[in-house]
Each structure stands twice: as C-alpha cells, then as structure tokens.
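Letter by letter, the chains look like this.
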Amino acid sequence: MERKAVNPVPWSVEMGFNQGEVVSGHSRTLYISGQTAMSKEGKPEHDGDMAAQLALAVDNIEAVLAEADMALSHLVRLNVYTTDVDLLFRHYGVLAGRLGAAGVAPTTTMLGVTRLAIPGQMIELEGTAVA
C-alpha cells in the first residue's frame, strides 16, 4: 500500500491530520463502526472523564484493527463525534499522541453532537483503514 498526504495548507499537519490522503495499491479496506468507552462486556466506562473515555475509545479502535490484522498505522480516515468540543480539545493530546506514536495522520472530521447512543458517553470514534 502506498499513501500520499495531500495538504494544500500546513496548519492541519501541525494539528495531527492531513487534509486528504491518496491510497493506492491496497488490497483490503476496513470500515470501523463508532467506538466509544465501552468495556469488553458492553458496559459504558469512565462516566464524566473525557480523557479516559477517549483513551478507551482508541483502545477499542485498535482492538477492531488488530482483529483484522491491521494497526493504527493503517487508519486513513477518522471521524470524531463528541458531546463537548471544548472539553475534547483540552484532552485531544490523548488521541493525537496515540496517532503520532503510530506515525499516522489520518484525514479527520470532528463534530459536536447533542448526545451519543449510550447515555454518559462523550466521545465516539469511527474510522476507515486500508492495508
């Protein structure tokens, strides 16, 4: 698989994401459903703790990727849904750090929403990975 970042402006790269990404030569695409701070037993975790919810949501993204024999480095698109954009920005380093450690800057969209499907959840991550 070959990836080429498309960034007509530099500011997004400084924030940890590319404006676009051309992917060629890939053989598999994984579409990842929204992942929140749910335990393996399907119970919501970390009520009111954005940083902990964000970390667990990334863990859950990684679990889906691993099950498909992929890793964060294969992520080409990440949609971030949150019930509190300002609070998320204060803890965004949790996500940016994990992506940076994986050497990836997927195209990203962040949306503020009224609520998520599971009461108490503040963050949901949805992605696309290619390998």
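The structure displayed is predicted, hence computed values, not measured ones.

**Section: the overall build of the protein chain**
Secondary structure summary: the protein chain contains three helices and six strands in total. Starting at the N terminus and ending at the C terminus, the protein chain contains elements arranged as β-α-β-β-α-β-α-β-β. For a compact globule of 131 residues, the expected C-alpha radius of gyration is about 14 Å, and the protein chain comes in at 14 Å, within 12% of that figure. In the protein chain, which comprises 131 residues, the proportion classed as buried is 39%. Total accessible area computed for the protein chain in this model is approximately 7,000 Å², and 53% of it derives from carbon and sulfur atoms. Distance between charge centres in the protein chain, computed from 9 positive and 15 negative side chains, equals 3 Å.

**So, the packing of aromatic side chains**
Applying the stated criterion across every chain yields a total of two aromatic pairs. Ring centres 5.9 Å apart and planes at 80° place the aromatic pair W11 and F17 in the edge-to-face group. Taking 6.4 Å as the distance between ring centres and 50° as the angle between the ring planes, the aromatic pair formed by F89 and Y92 counts as tilted. Of the two residues, F89 and Y92 are both situated in helix α3 (residues 85-101); the distance of three residues between them amounts to about one turn of the helix. What makes Y92 buried here is its relative accessible area of 14%.

**Description of the packing of helix α2 (residues 50-67) against α3**
Axis angle and axis distance: for two packed helices, these are the angle between their axes and the distance between the axes, and together they describe the pair. At a minimum axis separation of 9 Å, α2 and α3 run at an interaxial angle of 35°. Relative to α3, the crossing made by α2 is right-handed. Contacts between α2 and α3 pair M50, A51, L54, A55, V58, D59 and E62 from the former with L87, L88, H91, Y92, V94, L95 and R98 from the latter. Of the residues that constitute the contact of α2 with α3, the class distribution is 10 nonpolar, one polar and three charged.

**Notes on α3**
Taking 1.5 Å as the rise per residue, α3 with 17 residues should run 24 Å; its terminal C-alpha atoms sit 23 Å apart, in good agreement. Of all the bends in α3, the greatest, near 55°, is centred on H91. Those residues of α3 not exposed but buried are L87, L88, Y92, L95 and L99. If you follow the buried residues of α3, they end up packed against α2, β4 (75-82), β5 (107-112) and β6 (123-130).

Analysis parameters
Residues numbered from 1 in each chain as written. Predicted model: local features only at pLDDT ≥ 70, side-chain atom pairs only at ≥ 80, totals over all residues. Heavy atoms only, no water. Helix = DSSP H or I, 4+ residues; strand = E, 2+ residues; numbered from the N terminus. Rg over C-alpha atoms; globule rule 2.2 N^0.38 Å. Buried < 20%, exposed > 50% of the residue type's maximum accessible area, 1.4 Å probe, protein only. Areas by Shrake-Rupley, 256 points an atom, 1.4 Å probe, with all protein chains shown as cover. Lys, Arg positive; Asp, Glu negative; His and termini not counted. Charge placed at Lys NZ, Arg CZ, Asp CG, Glu CD. Phe/Tyr/Trp six-rings, centres within 6.5 Å; stacked < 30°, edge-to-face > 60°. Axes fitted to C-alpha atoms, helices over the stretch in contact; angles between N-to-C directions. Left-handed = near helix turned anticlockwise from the far one by under 90°. Contact = heavy atoms within 4.5 Å. Nonpolar A, V, L, I, M, F, W, Y, C, P; charged D, E, K, R; others polar. Expected span 1.5 Å × (residues − 1). Bend = angle between axes of the 7 residues up to and from the residue.

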